[in-house]
Amino acid sequence: MTAEQSRRWRLVLGRYAESNLPRGGGDAELDQALGYLYDREYTARGHRHAKGGGGSLDPSAVKAINWLGKSRGLFPASTLERLQADAVTRYGLDDLLADPATVESLQPNKQLASALLRIKGKLSPAAADGLRALIARVVAEIVERLKPRFTTALTGTRDRSRRTPHASLANFDWRRTIAANLANVDPATGRMMIDDIRFAARKRRSNLHWDVIVLVDQSGSMADSLLHAAVSASILSGLPGVSVRLILFDTSLVDLSHLAHDPVEVLLTAQLGGGTNIAQAMQHAETLVGQPSRTVVALISDFEEGGSVSALLASVRRLAGGGVRLLGLAALSDEGEPWYDATTAGRLVAAGMPVAAMTPDRFAEWLAEVMA
């Protein structure tokens, strides 16, 4: 084992490995910062405090707020995000959320927000305001990023008479792209080299009204998807000609349509965990359809159905047969990877509901295509 490998293992294992892997002289602050948080794992398993190599594990010895401030100067941003998430969600350092100045200094990343949503019912009352403030900051960042995409995609139709520099699938003009690159055809192979991609501008839609029914699975694995669904629903509710019904479900249903404009309140109201009954949610959506040809039902789920799959498929067939536009959005993991039951998703596709795993900005473009 190299010296660097030994150093890294010592930092991972902490002071309990001191006898076999002595700490390097320059790693005292790193070791103390990591030990303050992760030595709690040892004590929870009944290990006695090792002699030497660090300070007390008593939380009163080092305030969590002071620990976070020191850690900010010791670790890169990606490591600090993991540390602060573990501190609050794994080791219950609620005082990080109870102090307004500390909440303001926390990195407002969606990974931390998703983790907090999973355990918000276990946080102390003193942390409630901090939780709301942190969720609000994360939501504001996502809204700022996504709102232009939704607005551009959904407030107009393609106008092929005008060009636009806005590059999106919804605006792609393949006819003009081909025409602009005809001079780039290789006579020997017949292949075209594309170096000029054209996009059509968009013109405002006519006064057609659309009802968008958003069904969001709030089972335990859906925190990240719920975050983006709440933001997407809030943006949609503010667009002209669009009415949003927002339904959260597990084995029961919660209609949060009256809160669709307020994603922070939606997220704080949601109760992640429990089972999944997608069929019940789809059947409820059927009762909300007024004009089938002007209705979109978007189901956001991991498709791990705990209810009747046959009832789910029957509901999808009825909606599709009646002219309702159906969209199935597969859950994404915290790393952005698809996370869903492929078998059920395949059966939904066969029944008339297209299913895709995509980021929220792509959802805006997909929604625009089905409403065109």
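All of the points below concern the structure found in this document. (Residues numbered from 1 in each chain as written. Predicted model: local features only at pLDDT ≥ 70, side-chain atom pairs only at ≥ 80, totals over all residues. Heavy atoms only, no water.)

A word on the pairing of strand E7 (residues 325–330)
Stage number 1. Within E7, 5 of the 6 residues are buried, which leaves the element mostly enclosed by the surrounding structure.
Stage number 2. At this point the chain moves from strand E6 (residues 295–301), through helix H13 (residues 309–321), to the parallel E7, and the crossover so formed is right-handed.
Stage number 3. The pairing of E7 with strand E8 (residues 355–356) spans 2 bridges and is parallel. What sits directly across from Leu-329, in E8, is Ala-356. (Buried < 20%, exposed > 50% of the residue type's maximum accessible area, 1.4 Å probe, protein only. Helix = DSSP H or I, 4+ residues; strand = E, 2+ residues; numbered from the N terminus. Right-handed = clockwise from strand over helix to strand, strands pointing away. Pairing = 2+ DSSP bridges.)

Describing the packing of H13 against helix H14 (residues 342–351)
Stage number 1. Two elements in contact, H13 and H14, have axes separated by 9 Å at closest approach and are oriented at 30°. Of the possible angle classes, the one that applies to H13 and H14 is roughly parallel. The handedness of the crossing between H13 and H14 is right-handed. Taken together, the residues of H14 that come into contact with H13 (itself represented by Val-309, Leu-312, Leu-313, Val-316, Arg-317 and Ala-320) are Thr-344, Arg-347, Leu-348 and Ala-351.
Stage number 2. The residue makeup of the contact of H13 with H14, split by class, is 7 nonpolar, 1 polar and 2 charged. (Axes fitted to C-alpha atoms, helices over the stretch in contact; angles between N-to-C directions. Parallel < 35°, antiparallel > 145°, perpendicular 65-115°, else oblique. Left-handed = near helix turned anticlockwise from the far one by under 90°. Contact = heavy atoms within 4.5 Å. Nonpolar A, V, L, I, M, F, W, Y, C, P; charged D, E, K, R; others polar.)

Quick look at the packing of aromatic side chains
Stage number 1. Using the criterion set out here, one finds 2 aromatic pairs in the structure.
Stage number 2. For the pair Phe-303 and Tyr-340, a centre-to-centre distance of 6.3 Å together with 90° between the ring planes defines the contact as edge-to-face. Placement of Phe-303 in the loop between E6 and H13 and of Tyr-340 in the loop between E7 and H14 is noted, with a sequence separation of 37 residues between them.
Stage number 3. Phe-303 gets classed as buried once you look at its relative accessible area, which sits at 0%.
Stage number 4. A residue is classified by how much of its surface remains accessible, and Tyr-340, at 35% relative accessible area, is partly exposed. (Phe/Tyr/Trp six-rings, centres within 6.5 Å; stacked < 30°, edge-to-face > 60°.)

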